[in-house]
Amino acid sequence: MSRWPVKTVEQRFWEKVGPHDDPTKCWLWTANTCKSGKLHYGRFRVGDTMLMAHRLSYEMYYHVTITKGMTIDHVKSRGCTSTLCVNPHHLEVVTSRVNTLRGNTLAAKNAKVTHCPQGHPYNKENTRVFGGSRYCRVCHREQEREQYHANKVAI
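Residues numbered from 1 in each chain as written. Predicted model: local features only at pLDDT ≥ 70, side-chain atom pairs only at ≥ 80, totals over all residues. Heavy atoms only, no water.

Draft legend 1. Representation of a positive patch on the surface within the structure. Positive charge collects at one region of the surface, where R128, R137, R141 and R145 lie side by side. Residue contributions to the positive patch peak at 3 residues, all from helix α5 (residues 137-154). Within the secondary structure, R145 is located in helix α5. (Patch = residues over 30% accessible without salt bridge, like charges linked within 9 Å, V, L, I, M, F, W, Y side chains within 5 Å. Areas by Shrake-Rupley, 256 points an atom, 1.4 Å probe, with all protein chains shown as cover. Salt bridge = Lys/Arg side-chain N within 4 Å of Asp/Glu carboxyl O. Lys, Arg positive; Asp, Glu negative; His and termini not counted. Charge placed at Lys NZ, Arg CZ, Asp CG, Glu CD. Helix = DSSP H or I, 4+ residues; strand = E, 2+ residues; numbered from the N terminus.)

Shown next, in the form of structure tokens:
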């Protein structure tokens, strides 16, 4: 028998979190981290498995299992300022697409664009998607018309 008291997973987990008495502030992970692109996330070992600390925090607090294919978003509107935050009040389960679109990535910025540079709407009727990019049908027709007339004059 060990001479040290055996701690629960939750006890071990919360020992690795900075001050966590204010639900409005980020509760920062202070232990093992991993890098994903430019961002750092907390990691926590349970048995032989390394888990993402923010996911485990959410699951422990709300007594749920996050569905496969879903991700955790650190919600800025709830005061979250760090990917090392494990405050369950700052976290929300969302799809990967929603998480990306809420971020500050090029994909998120482009998705927020509702009109082409000439002011035509990107809607179902006026938008063509090719190679992952959106194109304005009105502008494309105008370009083809100009090209047709330029070729006709050149002949």
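Draft legend 2. Main features of the nonpolar core. One finds F13, V17, W27, W29, F44, A53, L56, M60 and V86 forming the largest nonpolar core, which totals 9 residues. At 3 residues, the largest contribution of residues to this core is made by helix α2 (residues 53-62). Apart from the residues within four sequence positions on either side, W27 is in contact with W14, V17, P19, H20, D21, D22, L84, C85, V86, N87, P88 and H89. (Core = buried A, V, L, I, M, F, W, Y, C linked by side-chain atoms within 4.5 Å. Buried < 20%, exposed > 50% of the residue type's maximum accessible area, 1.4 Å probe, protein only. Contact = heavy atoms within 4.5 Å.)

Draft legend 3. View of the packing of aromatic side chains. The final tally for this structure, using the stated rule, is 7 aromatic pairs. Where W14 meets W27, the ring centres are 5.9 Å apart and the plane angle is 75°; that geometry is what we call edge-to-face. Highlighted residues: W14 in helix α1 (residues 9-15) and W27 in the loop between α1 and β1 (33-36), separated in sequence by 13 residues. Put simply, the rings of F13, W14, W27, W29 and F44 pair up and form one aromatic cluster. Lying across the ring of Y122, R134 places its NZ or CZ 4.4 Å from the centre. (Phe/Tyr/Trp six-rings, centres within 6.5 Å; stacked < 30°, edge-to-face > 60°. Lys NZ or Arg CZ within 6 Å of the ring centre and 35° of its normal.)

Draft legend 4. Quick look at the sheet that holds β1. If you trace the 3 strands from one edge of the open sheet to the other, you get β1-β2-β3, paired in antiparallel fashion. The outermost strands of the open sheet, each flanked by one partner alone, are β1 and β3 (49-52). Averaged over all adjacent pairs, the angle separating strand axes in this sheet is 40°, with direction ignored. Where β1 and strand β2 (residues 39-46) come together, 4 bridges link them in antiparallel fashion. Looking across to β2, one finds that K35 is bridged to H40. Its contacts with the sheet place α2 against β2 and β3, and it is angled at close to 80° to β3. (Pairing = 2+ DSSP bridges. Axes fitted to C-alpha atoms, helices over the stretch in contact; angles between N-to-C directions.)

Draft legend 5. Highlighting the environment of K68. Looking at the secondary structure, you find K68 in the loop between α2 and β4 (70-74). The spacing of K68 and T95 is 27 residues in sequence and 9.9 Å in space, taken between C-alpha atoms.

Draft legend 6. Focus on the environment of L28. Positionally, L28 belongs in the loop between α1 and β1. In the structure, L28 is positioned 12 residues away from H40 in sequence and 11 Å away in space, judged by C-alpha atoms. When sequence neighbours within four positions are dropped, the list of residues in contact with L28 reads K16, V17, G18, S82, L84 and C85.

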